[in-house]
Amino acid sequence: MVAYKVSVTGLKGGHSGLDIHLGKGNACLILNKTLLNACERYGIRLAGIDAGSLRNAIPREGFATIVVPAAEENNFLEFIAEADKSAKNLLKDADPGVSITVEKTSLPKSVVDVTTQHNFYNAVADCPNGVLAFDKNMPDVVETSSNLAIIKSENGVIEIAVLTRSAVDGDRDIAAAKIANVFKENGATTAHFGEYPGWKPDVNSPILEIMKNVYNNKYGKVPAVKVIHAGLECGILGATYTNWDMISFGPTIRFPHSPDEKVKIDTVGKYWDFLLETLKNAPKK
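The sections below set out a description of the structure shown in this document. As the structure is a prediction and not an experimental result, all values here were calculated from the model.

### Here's the deal with the nonpolar core
By size, the foremost hydrophobic cluster in this structure holds 38 residues, and its most contacted members are Leu-35, Leu-46, Ile-66 and Phe-76. Sorting the residues of this core by element identifies β1 (2-9), α1 (27-42), β3 (45-51), β5 (62-68), α2 (73-90), α3 (114-126), β8 (142-154) and α4 (169-184) as the ones contributing at least two each. A total of 8 residues in this core trace back to one element, the largest contributor, which is α1. Filtering out sequence-adjacent residues up to four positions away, Ile-66 remains in contact with Val-2, Ala-3, Tyr-4, Val-6, Leu-35, Ile-44, Arg-45, Leu-46, Ala-47 and Phe-76. Core analysis: the second largest hydrophobic core is formed by 5 residues, Ile-207, Met-211, Val-214 and Tyr-215 among them.

Given below as structure tokens:
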């Protein structure tokens, strides 16, 4: 056997809610597909895997250590070159920087057993990912989604983290249960944690109307009002204080949950001035 490190790099990543509908590449899924196909064709064995970094970010990079039968080495290298070409073609618009490469490495002390390896590849391949449902009243707004975010092997265990989002708590739980079943059917143990309530938009919100008028009076135009597919503290607060009228706003942020995240500096002062003017016009009760 000969050992190689397989790398998936060059992806843009991004926010696992705001960007989930953009068709960006998911390093966990690309790496798993590559390993699964190579396993079926050349009998490679998995020794270790490390893909993704944050639950709320679309994974940008993934790495795996594998061993290949020496007799299949050249075929495997040709396969990787074709897999790289195929990924570049598939993601040429959404994620043109994608790259699948390999480099030789030292032989690992052990590999994952055949049954676990088989179950792992199949579970990840079958895991629902991306947009699961759009809002029926706002077809351009994602209502429910899932992001296969992290895969890591350590101390004989492979751990996988998936973040499921929805504006509707029941739909979030249904999606999470379906995902859990995929892994349970392949011999994994699962746990749900970190859930928080959704926050349904209220087009008749009084504070929304006040802030639209304040913005128009101050800046000479009506602001764009948007519903976003992201987790906000408003959902947690609103579940407890059900009588609250809430709105979320702030300075302009680009490329959240990625190394390119940035804030447009001249919007910070504008945001603060808008907040102060809103407070002046907010109802006393």
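### So, the pairing of β5
Most of β5 sits inside the fold, with 5 of its 7 residues counted as buried. Inspection of the sheet shows β1 paired to β5 by 7 bridges, in the antiparallel sense. Bridging from a neighbouring strand, Val-2 pairs with Val-68 of β5. In this structure, β3 lies alongside β5, joined through 6 bridges in antiparallel fashion.

### Examining the packing of aromatic side chains
Overall, the coordinates contain 8 aromatic pairs when judged by the stated rule. Centre to centre, the rings of Tyr-215 and Tyr-219 are 4.8 Å apart; their planes meet at 55°, and the pair counts as tilted. In this pair, Tyr-215 and Tyr-219 both sit in helix α5 (residues 206-219), 4 residues apart, roughly one turn of the helix. Exposure remark for Tyr-215: the relative accessible area of 13% places this residue in the buried category. Owing to a relative accessible area of 27%, Tyr-219 belongs among the partly exposed residues under this scheme. Seen in terms of ring centroids, Phe-249 and Tyr-271 are 5.2 Å apart; in terms of plane orientation they differ by 55°. Their pairing is tilted. One end of the pair, Phe-249, is in the loop between α6 (233-240) and β10 (253-254); the other, Tyr-271, is in helix α7 (residues 266-281), with 22 residues separating them in the sequence. Ring pairs connect the aromatic residues Tyr-215, Tyr-219, Phe-249, Tyr-271 and Phe-274, which therefore count as one cluster. Over the ring of Phe-63 we find Lys-5, and its NZ or CZ is 4.8 Å from the ring centre. When the ring centre of Tyr-219 is taken as reference, the NZ or CZ atom of Lys-270 above it lies at 4.7 Å.

### As for α6
Taken together, the buried positions of α6 are occupied by Cys-234, Gly-235 and Gly-238. Buried residues of α6 fall within an arc of 100° about the axis and therefore sit on the same side. The outward face of α6, more than 90 degrees from its buried face, is lined by the exposed residues Glu-233 and Thr-240.

### Notes on the environment of Gly-52
With respect to the secondary-structure elements, Gly-52 resides in the loop between β3 and β4 (57-58). Accessibility expressed as a relative area gives 12% for Gly-52, which makes it buried. With 163 residues separating them along the chain, Gly-52 and Tyr-215 place their C-alpha atoms 40 Å apart.

Parameters at a glance
Residues numbered from 1 in each chain as written. Predicted model: local features only at pLDDT ≥ 70, side-chain atom pairs only at ≥ 80, totals over all residues. Heavy atoms only, no water. Core = buried A, V, L, I, M, F, W, Y, C linked by side-chain atoms within 4.5 Å. Buried < 20%, exposed > 50% of the residue type's maximum accessible area, 1.4 Å probe, protein only. Helix = DSSP H or I, 4+ residues; strand = E, 2+ residues; numbered from the N terminus. Contact = heavy atoms within 4.5 Å. Pairing = 2+ DSSP bridges. Phe/Tyr/Trp six-rings, centres within 6.5 Å; stacked < 30°, edge-to-face > 60°. Lys NZ or Arg CZ within 6 Å of the ring centre and 35° of its normal. Arc of directions from axis to C-beta.

In short, geometric facts, not functional conclusions.
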